[in-house]
Amino acid sequence: MNNKANMSIGCCVESCKHHCSDRDYCTLDSIMVGTHECSPSKSECTDCQSFARK
Ligand code: SF4
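These notes cover the structure that comes with them. (Residues numbered from 1 in each chain as written. Predicted model: local features only at pLDDT ≥ 70, side-chain atom pairs only at ≥ 80, totals over all residues. Heavy atoms only, no water.)

1. So, the overall build of the protein chain
Rules: Comment: elements are numbered from the N terminus, with helices defined as DSSP H or I runs of at least four residues and strands as E runs of at least two. Exposure is judged per residue with a 1.4 Å probe applied to protein chains only, and the accessible area is read against the type maximum: over 50% gives exposed, under 20% gives buried, and values in between give partly exposed. Contacts were defined at the residue level, with two residues in contact if any of their heavy atoms lie within 4.5 Å. For accessible areas, the Shrake-Rupley method is used with a probe of radius 1.4 Å. Any residue's cover is judged against the shown protein chains and nothing else. The charge count treats Lys and Arg as positive and Asp and Glu as negative. His and the chain ends do not count. Working definition for charges: the position is that of NZ of Lys, CZ of Arg, CG of Asp or CD of Glu.
Check the secondary structure of the protein chain and you find zero helices and four strands. Its helices and strands in sequence order give the protein chain the pattern β-β-β-β, from N to C terminus. When the backbone C-alpha atoms are referred to their principal axes, the protein chain occupies close to 35 × 20 × 15 Å. Burial statistics for the protein chain: of 54 residues in total, 22% are counted as buried. Taking contacts inside the protein chain between residues at least 6 apart in sequence as the whole, the part at least 24 apart equals 18%. Summed over all atoms, the accessible surface of the protein chain reaches about 4,200 Å², with 50% contributed by carbon and sulfur. Between the mean site of the 6 positive side-chain charges and the mean site of the 7 negative ones, the protein chain shows a separation of 7 Å.

2. Considerations on the pattern of salt bridges
Pairs can form between side chains of opposite charge once their charged atoms are near each other. The condition that has to hold: Counted as salt bridges are all cases of a side-chain nitrogen of Lys or Arg within 4 Å of a carboxyl oxygen of Asp or Glu.
Evaluated as defined, the whole model comprises one salt bridge. Between Asp22 and Arg23 there is a salt bridge; the shortest N-O distance is 3.9 Å. On the basis of relative accessible area, Asp22 is assigned to the exposed category, the value being 54%.

3. Looking at the site of the ligand
Put simply, the test is: Whether a residue is near a molecule or strand is decided by its heavy atoms; if any one of them lies within 4 Å of it, the residue is near. By the convention adopted, Pro, Cys, Tyr, Trp, Phe, Met, Ile, Leu, Val and Ala count as nonpolar, Lys, Arg, Asp and Glu as charged, and the other residues, Gly among them, as polar.
In the neighbourhood of the ligand, the contacting residues comprise Ile9, Cys11, Cys16, His18, His19, Cys26, Leu28, Ile31, Cys48, Ser50 and Phe51. Of the residues assigned to the shell around the ligand, the class counts are eight nonpolar, three polar and no charged.

Geometry only, nothing functional implied.
Below is the structure:
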């Protein structure tokens, strides 16, 4: 379990292996955010592309 929370990257996706187990932060130094839409118009259109399943 990795607990090196990066306080600059808040995240609540607990099923990601990069999620800090006890707080809502990512443990990576940086992430890549992208989109699955050709013309994103709201937050739901964006994705963390650094996600990796636990
Ligand atoms: S890689 Fe993305 S989805 Fe995974 S914990 Fe970090 S910010 Fe969240």
